[in-house]
Amino acid sequence: MSATTDSSCYTLVYEDSSEAPTTQELRTALQKGSDEVKLDTLRKIIISTINGNHQPQLLMPVIQYVMPSRNKQLKKLLHFYWEVCPKYDDNGKLKQEMILVVNAIRNDLQHPNEYIRGSTLRFLQKISKDQELLEPLVPICRSCLEHRHSYVRKNAVFAVYSIYREFEHLIPDAPELLQTFLAAESDATCKRNAFVFLANCAMPKAVEYIVQVFDQIPAMDELLQMSIIEVIRLDCKQETAHKARYILLISELLNATSHAVKYEAASTLTSLTQNPAAVKAAASCYISLVQKESDNNAKLIVLDRLDVLRSKHGHVLDSLIMDILQILSSSPDLEVRRKAISVVLSLTSSRNVEEVVLFLKKQLQRTQDEQFEKAPEYRQLLIQSIHVCAVKFSEVAASVVHALMDFLGDSNNPSALDVVSFVREVVEKFPPLRPTICEKLTETLPEIKSGKVYRGVLWILGEYAEGVPEIQDVFRQLRKVLGEIPILASEQRLLEEASADDGEEKKDDQVKTESSKPKVLADGTYATETAYTSISSARLEAVKAASKPPLRALILGGDFYTGAVLASALTKLVLRYTELSKETRKCNALKAEAMLIMASVIRVGQSKFVTVPIDEDSSERIMNCIQTLSELEAQPAVHEIFLKDTKGAYSKMVAAQEAPEKRESEKAKAAIVQVDDLLSFRQFSKKAVDDTLDDSEDVNRATGAGEVTEDFLSNLSRISQLTGFSDPIYAEAYVKVHGFDILLDVLLVNQTADTLQNLCLDFATLGDLKLVERPSVYTIAPHSFQSIKATIKVSSTETGVIFGSILWEGPGLAEQCVILNDIHIDIMDYIKPAYCTEQQFRSMWTEFEWENRVNVTTTISNPRDYLHHVMKATNMSCLTPEGALSGDCDFLSANMYAKSLFGEDALANLSVERTEDGTITGHVRIRSKTQGIALSLGDRITMAQKDNKPPV
């Protein structure tokens with residue numbers, strides 16, 4: 001064996017250099033110490049050897065003083081030492097001392113204790129590349145196959161496997177030997193190990209064994225069944241005469257007791273055949289696994305496989321949709337339910353939508369039980385699912401819309417908002433349902449608690465209450481939820497009544513009440529804090545705290561945005577009423593009442609009865625509505641804006657949301673086969689419809705072997721210069737980012753006329769970066785080159801910095817050092833554009849606590865050009881529809897979203913304005929769950945603004 005052969009890779013173990021004993025101290029401890037001292041000493045020697053300090057002079061003391069010991073722990077540790085110690089001299093020849101080691105290993109292989117025999121056979125698997133060590137031990141390994149104890153036999157099988165894989169000529173008859181062994185063996189683990197050998201080294205013999213024991217396989221051990229399935233999968237990649245029997249066997253294994261066997265059998269069955277019955281059987285097996293398995297991660301993996309099956313086999317699984325729905329009852333985890341519902345929604349068709357919606361409605365009723373786990377989140381998920389079904393299939397919209405409107409008064413605000421969103425879309429898409437929906441919404445007004453829900457409901461009533469009786473009903477209910485009008489006068493009267501009830505006795509003495517409490521000052525001493533409260537303010541607070549109708553309570557609580565929406569809805573209702581009714585007196589009365597309500601909202605907003613005064617925007621909006629009603633006849637153009645334009649804008653928004661879905665469905669329906677396409681004969685193809693699970697392909701994909709190679713110019717852009725041209729050593733690094741790893745390929749050039757000895761390249765990291773291995777020590781000749789590779793693991797999307805130094809011994813063994821330039825890791829390698837719904841964006845925006853605000857400073861004058869510039873710099877996608885960004889306007893607001901490889905969400909909102917002098921002002925707000933990604937993206941935008949150039 002040559003010395004240039006790649007050595008094995010070991011894990012670095014921390015070694016405290018301050019307490020490292022000398023070689024002589026270690027020798028003495030081995031020679032004179034007890035077994036416990038020898039254990040500790042040998043452990044230190046192994047750690048030192050792994051970390052690069054081999055100490056070959058200790059090999060003979062270990063052989064002399066440790067090898068004869070009968071202590072089992074020492075024997076085990078000795079195996080670790082033989083594994084890592086240098087076994088060859090500088091010429092690549094086996095050291096003479098290793099003859100003694102081989103003799104000791106031979107004795108252990110013949111030891112009467114089966115544990116020592118078995119552990120020694122396991123050790124042989126780890127030195128399987130050392131031919132000179134293994135050659136004398138082969139006959140004893142063969143004899144261990146016949147040992148009485150199964151622990152020895154199972155390790156002997158894998159020892160033979162390791163030797164045969166590396167040096168086939170040492171055991172040329174190993175396949176026949178293990179085929180005979182397999183036929184006579186009774187232990188399940190031994191049989192499985194022997195079968196694994198045949199599968200990897202003699203596939204025809206493995207297939208022959210399957211055929212021989214075909215009928216016994218369903219009753220075999222789980223491990224052997226898994227290995228047999230793997231062999232069937234590999235054999236079917238080639239032409240085989242046993243495919244029909246394999247399919248029959250795999251179908252039987254779908255009913256195995258082991259969940260792992262069932263999963264592998266279902267995956268393999270879909271790769272062997274595209275028969276609808278087989279696909280349905282595999283899907284049923286997946287569903288059964290999800291229901292019975294306790295691990296949520298396993299459930300999600302199986303549901304992913306089920307979804308892949310659904311995407312490839314269309315409506316074959318339609319009949320199983322109710323079985324999939326049962327997962328919602330059996331799995332309390334929300335992620336599992338979400339995944340199951342997504343599969344169900346993709347399988348839903350006009351044939352089964354009514355059954356699906358009925359089941360979802362029953363689940364919705366169950367969430368009202370207080371004992372139900374995660375009821376609010378699950379209820380929201382169910383409402384969203386019913387929404388999708390109702391909008392997609394109009395026949396169920398009427399049956400679910402009224403049931404869902406019962407949840408408008410839900411204390412869980414997101415669920416109620418989802419219902420409002422659903423009702424708004426249904427009422428727009430299905431005009432025949434408008435009268436009944438408006439009637440139900442009008443009845444529900446007193447039960448609503450949230451301002452956001454009120455705004456949605458008021459907008460729907462303002463747009464779609466189209467008949468005279470409906471408008472009158474809306475006004476009647478609004479009077480109830482607003483209470484007495486005008487609001488200010490009625491609140492003032494309540495205050496006066498409260499004052500009158502208290503009486504005017506002792507008026508002078510009880511103007512103020514006093515309350516005292518101790519307070520700790522800054523220096524630690526106590527003082528008395530006295531508070532004076534006027535009786536009049538106490539009465540005011542009592543009036544504010546009194547029970548009030550819901551909409552009135554919101555307005556008095558300072559929610560004047562809802563007041564502005566109320567004014568807009570009243571204006572639309574009055575305008576529509578005047579168009580429908582010819583009775584001038586009733587029209588004027590309705591108009592006057594609406595104007596009184598609006599004026600009342602403004603007046604109470606300027607009084608002491610509200611928690612916060614009315615804002616300028618809401619006040620102006622309500623005044624515009626009052627002006628519109630007061631100039632009813634003079635401004636007919638305003639009627640069109642209120643009654644048609646707002647509804648038309650919503651129709652366009654709904655159409656814009658549906659456009660991507662339509663495009664996807666059209667793509668799916670488009671004819672895939674063209675007239676001049678190449679004909680494909682399935683009989684001539686080796687691959688079935690479903691891709692076979694190929695582990696080797698997965699490994700290639702994971703290690704990047706299958707990636708498209710980068711061109712020379714892109715590689716040059718990733719090179720970082722680490723030292724100067726005048727330094728004794730010139731260093732540069734090529735930084736290759738792949739998935740969760742960073743590979744540094746460092747080139748060192750000795751620019752001196754001296755030999756640099758014991759040269760060591762040390763790296764350190766800042767951020768969530770971790771050095772995997774420490775580079776070795778090198779000696780570089782004058783004016784020569786050395787290439788060194790280092791791997792760094794990345795665990796989060798955060799700007800990481802790699803810094804380091806080069807240490808070496810120059811002439812006269814003088815230590816010298818060069819400090820390297822820092823390498824900054826670009827986080828853009830980990831951030832990819834992603835998409836989410838507006839609702840998901842709003843939910844995450846509210847939830848995420850880290851925000852980074854970047855002010856806009858740029859020479860770009862067009863807001864849309866600046867948006868594209870930021871998107872390109874941050875790898876983020878724009879969620880705002882193209883229609884909302886179109887047109888010539890000096891204002892622009894857009895939402896952006898991206899996701900990192902680590903599953904972190906990054907949200908951004910761009911708000912900019914073009915000033916009169918043509919420059920852009922504004923800011924970009926970035927939010928994320930972790931601080932690192934928010935700061936990193938902010939830095940990226942700041943750097944991009946410095947580097948930007950005005951568009952030509």
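Residues numbered from 1 in each chain as written. Predicted model: local features only at pLDDT ≥ 70, side-chain atom pairs only at ≥ 80, totals over all residues. Heavy atoms only, no water.

Draft legend 1. Examining the overall build of the protein chain more closely. Of regular secondary structure, the protein chain possesses 39 helices and 18 strands. Relative to its full complement of 952 residues, the protein chain shows a buried share of 44%. Accessible surface, the protein chain: about 50,100 Å² in total, of which carbon and sulfur atoms supply 52%. (Helix = DSSP H or I, 4+ residues; strand = E, 2+ residues; numbered from the N terminus. Buried < 20%, exposed > 50% of the residue type's maximum accessible area, 1.4 Å probe, protein only. Areas by Shrake-Rupley, 256 points an atom, 1.4 Å probe, with all protein chains shown as cover.)

Draft legend 2. Representation of the packing of aromatic side chains within the structure. Inspection of the entire model under this criterion finds nine aromatic pairs. Ring centres of tryptophan 459 and tyrosine 464 lie 6.0 Å apart, and the angle between their planes is 70°; this geometry places the pair in the edge-to-face category. An aromatic cluster is built from Phe158, Tyr161, Tyr164 and Phe197, whose rings are joined through pairwise contacts. Here the basic side chain of arginine 165 rests over the ring of tyrosine 161, its NZ or CZ set 5.0 Å away from the ring centre. (Phe/Tyr/Trp six-rings, centres within 6.5 Å; stacked < 30°, edge-to-face > 60°. Lys NZ or Arg CZ within 6 Å of the ring centre and 35° of its normal.)

Draft legend 3. Molecular detail of a negative patch on the surface. Together, Asp615, Glu616, Asp617 and Glu620 give the surface a local cluster of negative charge. Within the secondary structure layout, glutamate 616 lies in helix H32 (residues 616-630). Taking the relative accessible area as the measure of exposure, glutamate 616 reaches 66% and is therefore exposed. (Patch = residues over 30% accessible without salt bridge, like charges linked within 9 Å, V, L, I, M, F, W, Y side chains within 5 Å. Salt bridge = Lys/Arg side-chain N within 4 Å of Asp/Glu carboxyl O. Lys, Arg positive; Asp, Glu negative; His and termini not counted. Charge placed at Lys NZ, Arg CZ, Asp CG, Glu CD.)

Draft legend 4. Quick peek at the nonpolar core. Residues Trp82 and Leu124 are the most contacted members of the largest nonpolar core, which totals 202 residues. In terms of residues, this core owes the most to one element, helix H30 (residues 560-580), which gives eleven residues. Ignoring sequence-local partners within four residues, the contact set of tryptophan 82 consists of Leu59, Val62, Ile63, Met67, Lys87, Val101 and Phe123. Core analysis: the next-biggest nonpolar cluster, separate from the first, contains 28 residues, Ala731, Val746, Ala790 and Leu820 among them. (Core = buried A, V, L, I, M, F, W, Y, C linked by side-chain atoms within 4.5 Å. Contact = heavy atoms within 4.5 Å.)

Draft legend 5. Quick look at the sheet that holds strand E7 (residues 769-771). Spatially, E3-E4-E5-E9-E7 is the arrangement adopted by the five strands of the open sheet, whose pairing is antiparallel. Each edge of the open sheet carries a strand with a single partner, namely strand E3 (719-721) and E7. Put simply, the sheet's adjacent strands are angled 30° from each other on average, direction ignored. By the bridge criterion, nine bridges tie strand E5 (residues 741-750) to strand E9 (residues 785-794) in an arrangement that is antiparallel. Among the inter-strand pairings, leucine 747 is bridged to a residue of E9, identified as serine 787. (Pairing = 2+ DSSP bridges. Axes fitted to C-alpha atoms, helices over the stretch in contact; angles between N-to-C directions.)

Draft legend 6. Local environment of unusual backbone geometry. Although it is not a glycine, asparagine 758 adopts a positive phi angle of roughly 50°. Along the chain, asparagine 758 turns up in strand E6 (residues 756-766). For histidine 783, which is not a glycine, the phi torsion comes out positive at approximately 60°. With respect to the secondary-structure elements, histidine 783 resides in the loop between strand E8 (777-780) and E9.

Draft legend 7. Up close: helix H1 (residues 23-32). Along H1, the residues that are buried comprise Leu26, Ala29 and Leu30. Taken down its axis, H1 places every buried residue within 95° of arc, on the same side. Facing away from the buried surface of H1 by more than 90 degrees, the exposed residues are Gln24 and Lys32. Against helix H2 (35-50) and helix H3 (59-65) lie the buried residues of H1. (Arc of directions from axis to C-beta.)

Draft legend 8. Structural detail: the environment of arginine 940. With respect to the helices and strands, the residue arginine 940 is situated in helix H39 (residues 931-947). Along the chain, arginine 940 and methionine 828 lie 112 residues apart, while their C-alpha atoms are 8.8 Å from each other. The contacts of arginine 940, once residues within four sequence positions are left out, are Asp826, Met828, Ala873 and Thr874.

Draft legend 9. Structural view of the environment of isoleucine 247. Turning to its location among the elements, isoleucine 247 is positioned in helix H14 (residues 243-253). Sequence separation between isoleucine 247 and threonine 268 is 21 residues; the distance between their C-alpha atoms is 9.0 Å. Apart from residues lying up to four places away in sequence, isoleucine 247 is in contact with Leu269, Leu272 and Thr273.

Draft legend 10. Seen up close, the pairing of E5. Judged from the ten bridges that link them, strand E4 (residues 729-738) and E5 form a sheet pairing that is antiparallel. Bridge assignment links glutamate 732 to a residue of E5, and that residue is leucine 747.

Draft legend 11. Structural detail: the side chain of serine 618. Inspection of the secondary structure assignment puts serine 618 in helix H32. Judged by its relative accessible area of 6%, serine 618 is buried. Polar contacts involving the side chain of serine 618 include one to the main-chain carbonyl oxygen of phenylalanine 560, which spans 3.4 Å. Apart from residues no more than four positions distant in its own chain, serine 618 is found in contact with Phe560, Tyr561 and Ala564. (Polar contact = N/O pair within 3.5 Å; in protein donor to acceptor, adjacent residues only side chain to side chain.)

Draft legend 12. Structural context of the state of the cysteines. Tallied over the full model, the rule gives zero disulfides. The thiol of cysteine 144 is unpaired, and the distance to the nearest cysteine sulfur, on cysteine 141, comes to 6.2 Å. The exposure class of cysteine 144 is buried, given its relative accessible area of 0%. (Disulfide = S-S within 2.5 Å.)

Draft legend 13. Geometry of helix H22 (residues 394-405). Its twelve residues give H22 an end-to-end C-alpha distance of 17 Å, which sits within 8% of 16 Å, the value for a rise of 1.5 Å per residue. Taken as a whole, H22 has its buried residues at Val396, Ala397, Val400, Val401, Leu404 and Met405. Buried residues of H22, seen end-on, are gathered within an arc of 140° and therefore sit on one face of the element. (Expected span 1.5 Å × (residues − 1).)

Draft legend 14. Up close: the packing of helix H15 (residues 259-272) against helix H17 (residues 296-313). Running from amino to carboxyl end, H15 crosses H17 at an angle of 15°, the nearest separation of the two axes being 12 Å. The pairing of H15 with H17 is recorded here as roughly parallel in orientation. Seen from above, H15 lies across H17 with left-handed handedness. Here Tyr263, Ser267 and Thr270 of H15 come into contact with H17, specifically with Ile301, Val302, Arg305 and Leu309. Split into classes, the residues belonging to the contact of H15 with H17 amount to four nonpolar, two polar and one charged. (Parallel < 35°, antiparallel > 145°, perpendicular 65-115°, else oblique. Left-handed = near helix turned anticlockwise from the far one by under 90°. Nonpolar A, V, L, I, M, F, W, Y, C, P; charged D, E, K, R; others polar.)

Draft legend 15. Molecular detail of the side chain of threonine 858. Residue position: threonine 858 is located in the loop between strand E14 (850-855) and helix H37 (863-874). Threonine 858 gets classed as buried once you look at its relative accessible area, which sits at 13%. Polar side-chain contacts of threonine 858 include one of 3.1 Å to the backbone nitrogen of isoleucine 860.

Draft legend 16. Quick look at the pairing of strand E17 (residues 905-914). Burial analysis of E17 places seven of its ten residues in the buried class, which makes it a mostly covered element. As judged from the nine bridges shared by strand E16 (residues 891-900) and E17, these two strands associate in the antiparallel manner. Its bridge partner being in E17, lysine 899 is matched across the sheet by aspartate 905. Hairpin remark: E16 followed by E17, antiparallel, with four residues in the connecting loop; positive phi at glycine 903, about 85°. Of the strand pairs in this sheet, E17 and strand E18 (residues 920-928) are connected by nine bridges, and their pairing is antiparallel. Directly across from serine 911, in E18, lies its bridge partner histidine 923.

Draft legend 17. Here's a closer look at the pattern of salt bridges. This model, assessed by the stated rule, comprises 25 salt bridges. The salt bridge involving lysine 339 is made with aspartate 307; its shortest N-O contact spans 3.9 Å. Of the two residues, lysine 339 is situated in helix H19 (residues 334-347) and aspartate 307 in helix H17; the sequence distance between them amounts to 32 residues. Overall, lysine 339 belongs to the partly exposed group, its relative accessible area being 22%. Its salt-bridge partner being glutamate 583, residue lysine 586 comes within 3.5 Å of it at the nearest N-O pair. A relative accessible area of 40% places lysine 586 in the partly exposed class. Accessibility expressed as a relative area gives 44% for glutamate 583, which makes it partly exposed.

Draft legend 18. Main features of the packing of helix H24 (residues 434-444) against helix H25 (residues 451-464). Axis separation between H24 and H25 bottoms out at 10 Å; the angle between their running directions is 140°. The orientation of H24 relative to H25 falls into the category oblique. Note on packing geometry: the crossing formed by H24 with H25 is left-handed. Contacts from Arg434, Cys438, Leu441 and Thr442 in H24 reach Val457, Ile460, Leu461 and Tyr464 in H25. Considering only residue class, the contact of H24 with H25 consists of six nonpolar, one polar and one charged.

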